[in-house]
Amino acid sequence: MTGLYDVSHRHDDGATTIAKHPVPKGQPILEMRGLQKKYGAVEALKPANITFLSGEIHAIVGENGAGKSTLIKLLTGVIRRTSGEVFWCGDAVQLATPNEAISRGINAVHQEVVLCRHLSVAANMFLGDEINKNGLMRKRAMTDAAQAVLNDLGFNLPAAALLSDLTIGQQQLVATARAAMRGTQFLIFDEPTAYLTRQESAQLFRLIRRLQAEGVTIVYISHRMEEVFELADRVSVLRDGTHIGTRKIAETNDAELIAMMINRTIEQIYHKETLPIGATIVETRGLSGPGFTDVSLSVRAGEIVGLYGLIGAGRSEFALGLYGRQPLSAGEVHWQGNKVRIRNERDAMDLGIALAPESRRDQGLCLNLPIGLNINLPVFDRLSRGLTINRGREIENADRQIKDLKIKTPTRRVLASAMSGGNQQKIVIGKWLSHGAKLFIFDEPTVGVDVGTKAEIYRLFARLLEQGAGIILISSYLPEVYELSDRLHVFRQGKLVASHTYRSASHEEVLTQAIGV
Amino acid sequence: MSVETTTETAPVPKKGMNILFGLTLLGLLLFLWLLLGLSTTSFWTSNNISNLLRQGSMTAILAVGQTFVIITAGIDLSVGAVVGFSSVTVAWLLQQGVPLWPAMGITLLVGVAIGAFHAFGIVRMGLPAFIITLATLTSLRGIGLLVTNGSTISISNEAFTNFSRADFLGIPSLFWMVIAVAIPAYIFLHLSRWGRYLFAVGSNSEAARLSGVNVNRTIYLAYILSSTCAAFVGLLLASRIGIGNATQAEGWELQAIASSVIGGTSLFGAVGSVHGPLLGAFILATINNGANLLNVNAFVQRIITGVLIIVIVYFDQLRRRGSR
């Protein structure tokens, strides 16, 4: 029972031909027992027991950060487990490297296509497994073989074309075809339709069903409920790194799945005391820019405005637009009643906007520089007198933030990269506390942050509000935005689709609006 | 779910390490001097030391300018060509009867313009630093050869040519120029906010931008400083050899980059100092000088330089990895 197309020719290499026990349809092919992954103190996947049956389409659903990506990475050998066991066809396996996973027949098609853009479609399909003769590649033979596979799958794609000339959706199909012709027995799709057109999705679904008919086990990860109900035989729900349960698709419905995805035990969410709401700080009217259209909302002093949505829904893009990082294409920004133009980050900072961006690593911190420099970065002009920086004030400012925020470091000279996620987040926050602002935008402030630091961050929000600031809180973690926000706006596909006051809608309603069932 | 690995106990007081590395380099330099003093009779003569300081000075100034660029995670391959081009510029201006001081001022301004052009290419046209500076490297040599018609322009201004041979307090004036560049460079890089911005841009330009740093202006600053240092070296070279010649200073960009890297600058950006490249330049000059005294084949000298770069940078890598 190999895949559709047995054009693999790596039999010279003994290591890659691991005996494959055929597993009859409906019997366990891959079984996870207590599989767990920890990053430092953070448990990305709590010990999980999930069994995948041979020849089934098994959907996995969950919010952002629920542990789906961690699960894929563990099964494809990209990361190594902390503890637990995996049984493949009844044998305990390590899955320590991607090669091991592939040689056993476990493959994944990722949301972001991980292929070489500058090579042809055929070269990508044969990458790492080229047809050789006398040490030379047989390009024509590969192109012909690849074209035969593509035609047979019903994909109208030229095998000789460069991958970069195809749309993302077409590239996704190439990646799938690549996996299909490699003797794959277990194929994981990670949100494959995120970038596909309706027609491309339909092609992909046909392929998935065909692979299933050939006996391939499919794991299908998606946010889209209608796809799950259309394709899957069974569905597993993950939430906060925990496997909540597995259902047969015929015995469940959207309402039950959404209820399972939602956290009912609202632990450690610190809700601020009700503060008097003050004057409007900022108001956007029909604001549009790259990734978001026609967003109108306002933030008043003393309130938290939450933005909820799936990743890519336009929340972070809106924040970057308001902050002057991205050019705005339409709409107006009114700051404390006056119409303003924000052309760049400095304009935003000078008005009194602070942004703690989504990715600490890529946007928030200079990782290989000291903590002190990171904290002082927005305020060096204030710390300077004439040409030089006032060394005493530089040290004092950094040390004060380290002390106030309880950043766990012996000195301000330690590099930011040496800190844990929670402490790194505090450095980003410290940067803006030392600068000061009227409007604080926190984008995913508690991702990868331990529970204790989370509580500290929530207390800090309350302190900022007391001082008359307003906060925009962007989070993919529903209980967090739900409990903390005075007003909650839901984003979907770049648009603000719904607004609620504190607790005026249920979790189910909010999540349903974000997913767009 | 992006979760960082926790390595809470990694207190690396960076400053101490920097001083230690600087001292190691200084130790290496002194060790080389001691070794050469023992193995040759001519090393510790005032003539040779003056010569050594003169040789090292020009690379040292280039290396300081280069370091600003490398700290922003860029590279400036054009500095050697800028040196040659500036020697032609000043010689040509003097030949046209422009007085000495304006001629030197205009030459430095040409350096500023070249640096601004590099930054323009990087910031506005989106070209990689490697490409735009490689392009000006070859173009400037071409322009210089075109202006001089492939020959040299000799400089008859005595005041100008005497400068490089002069001493002050027993130290060659060229070495004084290193000090004259190094002190403001030190203040700029280590004591002013613009220096901090160079490091921030080299470490993570997106984070710097979101923290209100004007990234584009910082890049302009770095490349202008590098080219201006190179133009200044062009003046010193013209003074030293008494001619303007577009083919001079061939390969000096590599000497400058090597000095900077030996001095602890990371080609990945965000790591570097002013004293490091200075020491690096004089270590390279000492090796060349010593090899001359010991009658080592000039071709072998190049090999030694190459091996030395690999060894020193490799040890620096080990040190950094150890401190992680």
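What counts as what
Residues numbered from 1 in each chain as written. Chains lettered and ligands numbered in written order. Predicted model: local features only at pLDDT ≥ 70, side-chain atom pairs only at ≥ 80, totals over all residues. Helix = DSSP H or I, 4+ residues; strand = E, 2+ residues; numbered from the N terminus. Rg over C-alpha atoms; globule rule 2.2 N^0.38 Å. Buried ≥ 20, exposed ≤ 12 C-beta atoms within 10 Å, placed from the backbone. Expected span 1.5 Å × (residues − 1). Bend = angle between axes of the 7 residues up to and from the residue. Domains from an automatic or database assignment. Contact = placed C-beta atoms within 7 Å. Pairing = 2+ DSSP bridges. Axes fitted to C-alpha atoms, helices over the stretch in contact; angles between N-to-C directions. pLDDT = per-residue confidence, 0-100. Arc of directions from axis to C-beta. Parallel < 35°, antiparallel > 145°, perpendicular 65-115°, else oblique. Left-handed = near helix turned anticlockwise from the far one by under 90°. Nonpolar A, V, L, I, M, F, W, Y, C, P; charged D, E, K, R; others polar. Core = buried A, V, L, I, M, F, W, Y, C linked by C-beta atoms within 7 Å.

### Examining the overall build of chain A
Next, step 1: For chain A, the helix and strand inventory stands at 18 helices and 25 strands.
Next, step 2: Taking 24 Å as the expected radius of gyration for a compact globule of 517 residues, we find that chain A reaches 26 Å, a close match to that expectation.
Next, step 3: For the C-alpha atoms alone, the extent of chain A along its principal axes is close to 70 × 55 × 45 Å.
Next, step 4: A burial count over chain A gives 47% of its 517 residues as buried.

### Some thoughts on helix H2 (residues 46-71) of chain B
Turn by turn, an α-helix covers 3.6 residues, leaving residues three or four places apart pointing in a common direction.
Residues and elements named next belong to chain B.
Next, step 1: In this model, H2 (26 residues) spans 36 Å end to end at C-alpha, consistent with the 38 Å of a helix rising 1.5 Å per residue.
Next, step 2: Ser 57 marks the point of greatest bend in H2, at about 30 degrees.
Next, step 3: Ala 73, located one to two residues past H2, shows a positive phi value of around 70 degrees.

### Examining the domain arrangement of chain A
Residue and element names in this part refer to chain A.
Next, step 1: Domain annotation of chain A identifies domain 1 (54-70 + 95-261) and domain 2 (266-352 + 469-517).
Next, step 2: Inter-centroid distance (C-alpha atoms) of domain 1 to domain 2 is 35 Å.
Next, step 3: Counting residues at the interface gives nine residues for domain 1 and 10 residues for domain 2.
Next, step 4: In terms of residue count, helix H8 (residues 254-261) provides more of the side of domain 1 that touches domain 2 than any other element does, four residues in total.

### Some points on the sheet that holds strand S18 (residues 338-340) of chain A
All names here are of chain A.
Next, step 1: Within the open sheet, the four strands sit side by side as S15-S14-S17-S18. Their pairing is antiparallel. At either margin of the open sheet sits one strand with a lone partner, and together these are strand S15 (292-300) and S18. The mean angle between the axes of side-by-side strands here comes to 20 degrees, regardless of whether they run parallel or antiparallel.
Next, step 2: Relative to S15, strand S14 (residues 280-289) is paired through six bridges, and the arrangement is antiparallel. The partner of Thr 284 across the bridge, within S15, is Leu 297.

### A look at the confidence of the model for chain A
Next, step 1: Per-residue pLDDT for chain A averages 84, and the proportion of residues at 70 or more is 92%.
Next, step 2: Across residues 6-19 of chain A the pLDDT falls below 50, and counting only partners more than four positions away or on other chains, this stretch makes 13 contacts in the model.

### Things to note about the environment of Ala249(B)
Residues and elements named next belong to chain B.
Next, step 1: In this fold, Ala 249 is placed in the loop between strand S4 (243-244) and helix H11 (252-262).
Next, step 2: Distance in space between the C-alpha atoms of Ala 249 and Leu 25 is 26 Å, their sequence separation being 224 residues.
Next, step 3: Excluding anything up to four places from it in sequence, Ala 249 contacts Gly 80, Val 83, Gly 84 and Leu 237.

### Regarding the sheet that holds strand S4 (residues 57-61) of chain A
The strands making up a sheet associate through backbone hydrogen bonding, with each pair oriented either parallel or antiparallel.
Residues and elements named next belong to chain A.
Next, step 1: The strand order across the open sheet built from six strands is S7-S10-S11-S4-S12-S13, with neighbouring strands paired in mixed fashion. The sheet terminates laterally at strand S7 (106-109) and strand S13 (242-248), the two strands that pair on one side only. Between one strand axis and the next, the sheet turns by 20 degrees as a mean value, whatever way the strands run.
Next, step 2: In this structure, S4 lies alongside strand S12 (residues 234-239), joined through four bridges in parallel fashion. Along S12, the bridge assignment pairs Ile 60 with Ser 236.
Next, step 3: Together, S7 and strand S10 (186-190) form the strand contacts of helix H5 (residues 168-180), whose direction differs from that of S7 by roughly 175 degrees.
Next, step 4: Sitting on the sheet, H8 touches S4, S12 and S13, and the angle it makes with S12 is about 30 degrees.

### Considerations on helix H14 (residues 391-404) of chain A
All names here are of chain A.
Next, step 1: Between its terminal C-alpha atoms H14 stretches 20 Å, which fits the 20 Å expected from 14 residues at 1.5 Å a residue.
Next, step 2: Every buried residue belonging to H14 is among Glu 394, Asn 397, Ala 398, Gln 401 and Ile 402, and all of these are buried. Around the axis of H14, the buried residues are gathered within 130 degrees of arc, so they sit on the same side. Structural note: H14 exposes Gly 392, Glu 396 and Lys 403 on the side pointing more than 90 degrees away from its buried face.
Next, step 3: Here the buried face of H14 lies against helix H12 (371-376), helix H13 (380-383), strand S21 (388-389) and helix H15 (421-435).

### Topic: the packing of H11(B) against helix H12 (residues 275-293) of chain B
All names here are of chain B.
Next, step 1: For the pair H11 and H12, interaxial distance at closest approach is 7 Å and the crossing angle is 120 degrees. Put simply, H11 runs oblique to H12. Of the two elements, H11 crosses H12, and the hand of that crossing is right-handed. The residues of H12 that touch H11, namely those facing Gln 255, Ala 258, Ser 259, Ser 260 and Ile 262, are Pro 277, Gly 280, Ala 281, Ile 283 and Leu 284.
Next, step 2: The residue inventory of the contact of H11 with H12, partitioned by class, reads six nonpolar, four polar and no charged.

### Some thoughts on the nonpolar core
Next, step 1: Core analysis: the largest hydrophobic core is formed by 231 residues, its most contacted members being Ile441(A) and Ile61(B).
Next, step 2: The element that contributes the greatest number of residues to this core is helix H10 (residues 215-241) of chain B, accounting for 15 residues.
Next, step 3: When residues of this core are assigned to domains, at least three fall in each of domain 1 (54-70 + 95-261) and domain 2 (266-352 + 469-517) of chain A.
Next, step 4: Leaving out residues up to four positions away in the same chain, Ile441(A) has contacts with Ala319(A), Tyr323(A), Ile353(A), Ala354(A), Leu355(A), Ala356(A) and Ile472(A).

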